[in-house]
Amino acid sequence: MRKYERKVEQFYEKHPQLKTEVVQKYPRPKKPRTAFTLFLEDHLSKEEHVADKSAYKMASKQAWSKMSAKKKVPWIKQAVAEHRKYLDEVQVYNFSHPTEVVKPLKTILNKEGLQMLNKSEAAKDRVKTIAAKWNQVSKEDRDEYEKKLKVIQEKYKKEKKKKKTERLFTFSVFFFFFSMSNSSCARSSSGNLSRYTL
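1. Considerations on helix α3 (residues 35–46)
The end-to-end C-alpha separation of α3 is 17 Å, in line with the 16 Å expected for twelve residues at 1.5 Å each. For α3, the full list of buried residues reads A35, F36, L38, F39 and L40. Those residues of α3 that are buried lie in contact with α4 (53–66) and α5 (69–96).

Printed below as a string of structure tokens:
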């Protein structure tokens with residue numbers, strides 16, 4: 001034990017009421033919850049009566065594993081915020097309790113969670129960067145881009161209309177031949193118009 005820690009212990013032995021005041025003022029920090037735990041608690045709070053919590057937890061684990069990483073982001077962000085708060089609380093606690101040092105958790109996210117968080121943060125940063133660059137573009141250049149966009153949109157609309165017309169034509173031809181084949185089959189059975197059969 002270091003000299004400082006011994007002196008702190010001796011001080012608290014002489015003044016035990018101060019130690020309880022410090023403990024009450026700065027309680028031991030609670031470990032942060034994982035993204036899955038937050039997801040589970042969120043869904044449990046929405047359910048009125050859950051008879052078998054262990055079965056519900058297993059079903060939630062399966063739902064969590066099948067859920068896309070994109071859908072997990074809200075709980076991942078919440079878990080990261082809790083973890084940051086926890087790290088701050090650990091620093092305060094360790095400062096006020098030099099004899100009882102808490103080793104903080106390094107991370108609460110798995111590899112997939114970290115990747116998804118980084119992607120969402122990177123996407124936000126890209127949008128901010130693009131918006132900042134767009135704001136720096138002159139009015140003349142913006143007008144030029146608007147004209148190009150209108151040309152592209154018109155071209156897209158024409159192609160879409162053309163494809164729709166082609167599909168309609170293909171369907172009409174198919175319908176014509178289908179109806180002809182049915183009517184010609186009926187007629188050929190009676191001996192008339194057998195040349196129209198497909």
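2. Regarding the pattern of salt bridges
Applying the stated rule across the entire model yields three salt bridges. When the shortest N-O distance is used, the salt bridge between E41 and R33 registers 2.4 Å. A relative accessible area of 30% places R33 in the partly exposed class. Among the salt bridges present, the one from D143 reaches K139, with a minimum N-O distance of 3.6 Å. Placement of the pair is D143 and K139 together in helix α7 (residues 139–189), with a separation of four residues, close to one helical turn.

3. Brief notes about the environment of T37
Structurally, T37 is set in helix α3. The partly exposed category is assigned to T37, whose relative accessible area is 27%. Taking the C-alpha atoms as reference points, T37 and W75, separated by 38 residues in sequence, lie 8.8 Å from one another.

4. Some points on the nonpolar core
Counting residues in each nonpolar core, the largest one holds twelve residues, listed as A35, F36, L38, F39, L40, Y56, W64, M67, W75, I76, A79 and V80. At the level of secondary structure, the elements contributing two or more residues to this core comprise α3, α4 and α5. Apart from the residues within four sequence positions on either side, F36 is in contact with K57, S60, K61 and W64.

5. Things to note about the layout of surface pockets
Of the voids in this model, the largest pocket is the one considered here, and its volume is about 230 Å³. For the largest pocket, the lining is made up of 14 residues, of which P29, K30, K85, Y86 and E89 are closest to its centre. When its residues are assigned to classes, the lining of the largest pocket shows seven nonpolar, no polar and seven charged.

6. Let's talk about the packing of α3 against α5
Put simply, α3 and α5 touch, their axes get as near as 8 Å, and they point 115° apart. One finds that α3 runs roughly perpendicular with respect to α5. As for how α3 packs across α5, the hand of that crossing is right-handed. Contacts between α3 and α5 involve A35, L38, F39, D42 and H43 on the former and, on the latter, W75, I76, Q78, A79 and E82. Looking at the contact of α3 with α5 residue by residue, the classes come out as six nonpolar, two polar and two charged.

7. Description of a nonpolar patch on the surface
A grouping of F171, F174, F175 and F178 is seen on the molecular surface, where their side chains present a nonpolar patch of about 470 Å² in accessible area. Position of F178 among the secondary structure elements: in helix α7. Its relative accessible area of 44% is what places F178 among the partly exposed residues.

Conventions and cut-offs
Residues numbered from 1 in each chain as written. Predicted model: local features only at pLDDT ≥ 70, side-chain atom pairs only at ≥ 80, totals over all residues. Heavy atoms only, no water. Helix = DSSP H or I, 4+ residues; strand = E, 2+ residues; numbered from the N terminus. Expected span 1.5 Å × (residues − 1). Buried < 20%, exposed > 50% of the residue type's maximum accessible area, 1.4 Å probe, protein only. Contact = heavy atoms within 4.5 Å. Salt bridge = Lys/Arg side-chain N within 4 Å of Asp/Glu carboxyl O. Core = buried A, V, L, I, M, F, W, Y, C linked by side-chain atoms within 4.5 Å. 1 Å grid on protein atoms, 1.4 Å probe; cavity = no way out; pocket = protein on both sides within 12 Å on 5 of 7 lines; lining within 4 Å. Points joined across faces, edges and corners; volume = space filled by probe spheres on them. Nonpolar A, V, L, I, M, F, W, Y, C, P; charged D, E, K, R; others polar. Axes fitted to C-alpha atoms, helices over the stretch in contact; angles between N-to-C directions. Parallel < 35°, antiparallel > 145°, perpendicular 65-115°, else oblique. Left-handed = near helix turned anticlockwise from the far one by under 90°. Patch = residues over 30% accessible without salt bridge, like charges linked within 9 Å, V, L, I, M, F, W, Y side chains within 5 Å. Areas by Shrake-Rupley, 256 points an atom, 1.4 Å probe, with all protein chains shown as cover.

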